[in-house]
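# Overview (structure and organization)
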Amino acid sequence: MIEPKTFYRKLDTLLNKIGQVKSGQDYLRTIVNEIEEIFHDDLQIINGRIYTRNEDEYILVTDKENLIYPDVSETLYSRSDEVQAVLKAKTYIFDDPEFSIDSSSGRRGRYCVPVAVTVHSMENRWIIIFELQSGWTREEVEFSLNAVRTALNYRLTEEAIKNEFEQAEHIQQSLLPAEIPDLEGYEVAARSQPAELVGGDLYDFYNYENEEFGFCIGDASGHGIPAALLARDVITGLRMGLEKHMKMVYTLKKLNKVIHKSIYATKFISLFYAEMEPGGNLFYINAGHPAPLLFTSKGVKELESTSLVFGALPDLDLRRSYAKIDKGNILVLYTDGFIERGNGASEEFGLERFIEVIKKNRKKSAREIIDSVYAEAGAFGGKKKWKDDATIVVLKKLK
């Protein structure tokens, strides 16, 4: 019998290592080695090896040359009674020589009792088998391996979720423009900050012939991965349609039909798309997006909605509208994460404060204007988490 205080101290050390050991290809092998090193004498545990699921089989992935007894089975069949017993019990001690997950244990002069544990991530499942030498105690073995199994399942699932989010973040960032285009006669800057690891805001730029260019900003309903996936589809759809030189209204109507049929729980997205001609003639469609702000010498003009948000109806009445951008004007596209930024007094940053920040900093560069907006909206909310994605695009007409 293990002295309780010593036993729990060793178990705590092992569980900490499960959480701290660097993940990777050899993660499970490292943990199996730690189990043997820490509990070899207490649990009489040896010869740990790992099998990974491959369709209807579990295949040995531990090098035999690293085992004390290398004459182990290389394949376990999922439908076998022994494997099913492990999958059902999660931890199973094969203390009956007539019912063993590895018959090789009985060919070594004396029977070493196999004990098997199943662990899993979101994408895979493994069976880890050890052998117990004489002197093992059922309660100690089961308690220890069940604790290890629970910790491993948590870590493996956590890693899988983390990887999924990192992949989603990478995909989303790769879809946003890697660089802001250098547009003759304009200074342009943009920035997007998701409220979670990934978000549903988007912006993009499109270069056309004859010194024309296009740009857009959008905001998918909801947060996180569903919103990010919808934003990805919109960016992809716009790039594909607009690269074929389709007309603005035709392309956006077709895109709306696709979004309306979307299977995502969140399938509404506001979108502002515009095309700028030489001389500052701007033609745009605003599908339910917060009105971009045009700062002129006479004041601030809002480029208001011309239709409902995308996805609301299978067919939208999309109408173009027009604005003129003159030298010295500033066009600001934004999402409502700034406007809805709250503070401890249940106040929102609001549109008036947003406009005042831009007016106060209008002589600065487009990048500096954006930095000022984020700084003042951030300070307004103090340490409160941003509850919505916040994206801004600024275009200054220099000549």
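Residues numbered from 1 in each chain as written. Predicted model: local features only at pLDDT ≥ 70, side-chain atom pairs only at ≥ 80, totals over all residues. Heavy atoms only, no water.

## A word on the pairing of strand S13 (residues 299–302)
Relative to S13, strand S12 (residues 293–296) runs antiparallel, the two being bridged by 4 bridges. Paired with phenylalanine 295 across the strands is valine 300, a residue of S13. The antiparallel pairing of S12 with S13 creates a hairpin that spans 2 residues between the two strands. (Pairing = 2+ DSSP bridges. Helix = DSSP H or I, 4+ residues; strand = E, 2+ residues; numbered from the N terminus.)

## A word on the pattern of salt bridges
Counted by the stated rule, this structure contains 17 salt bridges. Here aspartate 102 makes a salt bridge to arginine 49, at a shortest N to O gap of 2.5 Å. Of the two residues, aspartate 102 sits in the loop between strand S4 (91–93) and strand S5 (113–120) while arginine 49 sits in strand S1 (residues 45–54), which places them 53 residues apart along the sequence. A single burial state applies to aspartate 102 and to arginine 49, both of which are buried. Close ionic contact of arginine 319 with aspartate 317 constitutes a salt bridge, the shortest N to O distance being 4.0 Å. We classify aspartate 317 as exposed; its relative accessible area is 55%. Residues participating in the shared-partner salt-bridge network are Arg49, Asp102 and Glu131. (Salt bridge = Lys/Arg side-chain N within 4 Å of Asp/Glu carboxyl O. Buried < 20%, exposed > 50% of the residue type's maximum accessible area, 1.4 Å probe, protein only.)

## Digging into the environment of leucine 331
Among the secondary structure elements, leucine 331 is positioned in strand S15 (residues 330–334). Under the relative-accessibility criterion, leucine 331 is labelled buried at 1%. Each residue touching leucine 331, except ones within four places of it in the same chain, is listed here: Phe215, Leu282, Pro292, Leu293, Leu294, Leu303, Val393, Val394 and Leu395. (Contact = heavy atoms within 4.5 Å.)

## Thoughts on the sheet that holds strand S6 (residues 125–132)
Two strands in a sheet stick together by hydrogen bonds in their backbones, pointing the same way (parallel) or opposite ways (antiparallel). One open sheet accounts for 6 strands, arranged S3-S2-S1-S6-S5-S4; its pairing is antiparallel. This sheet does not close on itself; its edge strands, each paired only once, are strand S3 (75–77) and S4. Geometrically, the sheet is characterised by an average inter-axis angle of 25 degrees between neighbouring strands, direction not taken into account. Of the strand pairs in this sheet, S5 and S6 are connected by 8 bridges, and their pairing is antiparallel. Opposite valine 113, over in S6, you have leucine 132 as the bridge partner. Its contacts with the sheet place helix H2 (residues 27–44) against S1, S5 and S6, and it is angled at close to 150 degrees to S1. (Axes fitted to C-alpha atoms, helices over the stretch in contact; angles between N-to-C directions.)

## Details of the nonpolar core
Among the nonpolar cores identified, the biggest contains 46 residues, and Phe215, Leu238, Leu252, Leu282 and Phe310 are the most heavily contacted of them. Considering each element in turn, this core owes the most residues, 7 residues, to helix H5 (residues 224–243). Once residues lying within four places of it in the same chain are set aside, the contact partners of leucine 252 are Leu238, Leu271, Tyr273, Ile285, Phe310 and Leu318. Membership of the second largest hydrophobic core comes to 29 residues, among which are Ile18, Tyr27, Ile45 and Trp126. (Core = buried A, V, L, I, M, F, W, Y, C linked by side-chain atoms within 4.5 Å.)

## Some thoughts on the environment of leucine 294
Inspection of the secondary structure assignment puts leucine 294 in strand S12. Note on leucine 294: relative accessible area 2%, which makes it buried. For the pair formed by leucine 294 and leucine 183, sequence separation is 111 residues and the distance between their alpha carbons is 18 Å. Residues in contact with leucine 294, not counting those within four places in the same chain, are Gly299, Val300, Lys301, Lys324, Ile325, Asn329, Ile330 and Leu331.

## Overview of the sheet that holds strand S14 (residues 321–324)
Read from one edge to the other, the open sheet built from 5 strands follows the order S8-S9-S10-S11-S14, with strand pairing classed as antiparallel. With partners counted over all chains shown, the strands left at the sheet margins are strand S8 (201–207) and S14, one partner each. For this sheet, the mean angle separating the axes of adjacent strands, direction not counted, is 20 degrees. Both S8 and strand S9 (residues 213–220) contribute to a ladder of 7 bridges, which runs antiparallel.

## Some remarks on the environment of leucine 11
Inspection of the secondary structure puts leucine 11 in helix H1 (residues 4–20). Leucine 11 sits in the buried class, given a relative accessible area of 6%. Between the C-alpha atom of leucine 11 and that of valine 86, which follows or precedes it by 75 residues, the distance is 23 Å. For leucine 11, the residues in contact, after removing those within four places along its chain, are Phe39, Phe143, Ser144 and Ala147.

## Section: helix H7 (residues 350–360)
Listed in full, the buried residues belonging to H7 are Gly350, Phe354, Ile355, Val357 and Ile358. Against S12, S13, S15, helix H8 (366–381) and strand S16 (390–397) lie the buried residues of H7.

## So, the packing of aromatic side chains
Under the criterion given, the structure shown has 19 aromatic pairs. With a centroid separation of 6.3 Å and 50 degrees between ring planes, the pair formed by tyrosine 374 and tryptophan 386 is classed as tilted. One end of the pair, tyrosine 374, is in helix H8; the other, tryptophan 386, is in the loop between H8 and S16, and 12 residues separate them in sequence. Accessibility classification places tyrosine 374 together with tryptophan 386 in one group, the buried group. Three or more aromatic residues joined by ring pairs make a cluster, and in this case those are Tyr334, Phe338, Phe354, Tyr374 and Trp386. Its end group placed over the ring of tyrosine 374, arginine 191 keeps NZ or CZ at 3.8 Å from the ring centre. When the ring centre of tryptophan 386 is taken as origin, the NZ or CZ atom of arginine 341, which lies over that ring, is 4.5 Å away. (Phe/Tyr/Trp six-rings, centres within 6.5 Å; stacked < 30°, edge-to-face > 60°. Lys NZ or Arg CZ within 6 Å of the ring centre and 35° of its normal.)

## So, the confidence of the model for the chain
Averaged over all residues, the pLDDT of the chain is 88; the fraction at 70 or higher stands at 93%. Confidence scores differ between elements of the chain, with H5 showing the lowest mean pLDDT of 80 and S15 the highest of 97. (pLDDT = per-residue confidence, 0-100.)

## Notes on the pairing of strand S2 (residues 57–60)
Covered by surrounding structure in S2 are Tyr58 and Leu60 only, the residues Glu57 and Ile59 on the alternate face being uncovered. What sits between S1 and S2 in their antiparallel hairpin is a turn of 2 residues, with glutamate 55 showing a positive phi close to 60 degrees. Of the pairings in the sheet, the one linking S2 to S3 comprises 3 bridges and is antiparallel in character. Across the sheet, the residue bridging to glutamate 57 is tyrosine 77, located in S3.

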